[in-house]
Amino acid sequence: MKRKIATRKLKRSCKCGKTFKKGDVYYLERIVFAWGFENKHLFSNEHLHCAKCRYRQLEHERRFELFKPKCPHPIVHEVWSYIPGEYVMQPDHDVCQVCGEWIL
Ligand SMILES: [Zn+2]
Ligand SMILES: [Zn+2]
């Protein structure tokens, strides 16, 4: 998730309903879905999060970490996504199939 500062009022809002005006800090999360034979079809979407929701999510993940067994990432899956503004795909990141963590 990338931390960003709105350069203008944003059309999209956080899931909690918070809107972002110029100068507000927001977090951009890129979600990539893959389906079909050999995951050939990809769809990516972007979600905005406000600082409060981002913090809550981190807290939730941190608590989850405490209960989770240590994961050495035995199985990883390469996720591809479009280069912004171009119809070209590039390997974006690896995702652990066990714990779901992004391996950048
Ligand atoms: Zn929010
Ligand atoms: Zn893992």
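Now for a description of the structure that goes with this document. Sequence order as written defines residue numbering, which begins from 1 separately in each chain. Each chain is given a letter, starting from A, and each ligand a number, starting from 1, according to the order in which they appear as written. Local features in this predicted model are restricted to residues whose pLDDT is 70 or higher, and side-chain atom pairs enter the listing and the counts only when it is 80 or higher, whereas totals over whole chains, interfaces and linings include all residues. Calculated side-chain values reflect all of the structure's heavy atoms, with hydrogen atoms and water omitted.

### Quick word on the layout of surface pockets
Step number 1: Within this scheme a cavity is a closed region of a 1 Å grid, computed over the protein atoms alone, that accommodates a 1.4 Å probe without allowing it to escape, whereas a pocket is open but has protein on both sides within 12 Å along at least five of seven lines; lining residues each have an atom within 4 Å of a point. Grid points are joined across faces, edges and corners, and a volume is the space filled by probe spheres set on the points. By volume, the largest pocket is sized at about 970 Å³.
Step number 2: Lining the largest pocket are 33 residues, and of these Met1, Glu29, Arg30, His93 and Trp102 lie nearest its centre.
Step number 3: Only DSSP runs of H or I with at least four residues qualify as helices, and only runs of E with at least two residues qualify as strands; both kinds are numbered from the N terminus onward. Only strand S1 (2-5), strand S2 (25-35), strand S3 (41-50), helix H1 (51-67), strand S4 (76-82) and strand S5 (89-96) provide two or more residues apiece to the lining of the largest pocket.
Step number 4: As a volume, the second largest pocket reaches approximately 200 Å³.
Step number 5: Lys4, Ala6, Thr7, Arg8, Leu10, Lys11, Arg12, Tyr26, Leu28, Glu46 and Leu48 are the residues that line the second largest pocket.

### Focus on the coordination of the zinc ion (ligand 1)
Step number 1: Coordinating donors are taken to be N, O and S atoms lying within 2.8 Å of the metal, or within 3.2 Å when the metal is Na, K or Ca; because water is excluded from the atom set, some sites may appear incomplete. Distances from the zinc ion (ligand 1) to its protein donors, namely Cys14 (SG), Cys16 (SG), Cys50 (SG) and Cys53 (SG), fall within the range 2.2 to 2.3 Å.
Step number 2: A four-donor site is called tetrahedral if each angle lies between 85 and 135 degrees; a four-donor site is square planar, and a six-donor site octahedral, when trans pairs exceed 155 degrees and the remaining angles lie between 65 and 115; all other cases are labelled irregular. Considering all four donor atoms around the zinc ion (ligand 1), angles at the metal cover 105 to 117 degrees and the coordination shape is tetrahedral.
Step number 3: One chain supplies every donor to the zinc ion (ligand 1), and in sequence these donors are spaced C-x1-C-x33-C-x2-C. Accessibility classification places Cys50 together with Cys53 in one group, the buried group. Exposed residues in this analysis have more than 50% of their type's maximum accessible area, buried residues have under 20%, and partly exposed residues fall in between, with area computed by a 1.4 Å probe over protein chains only.

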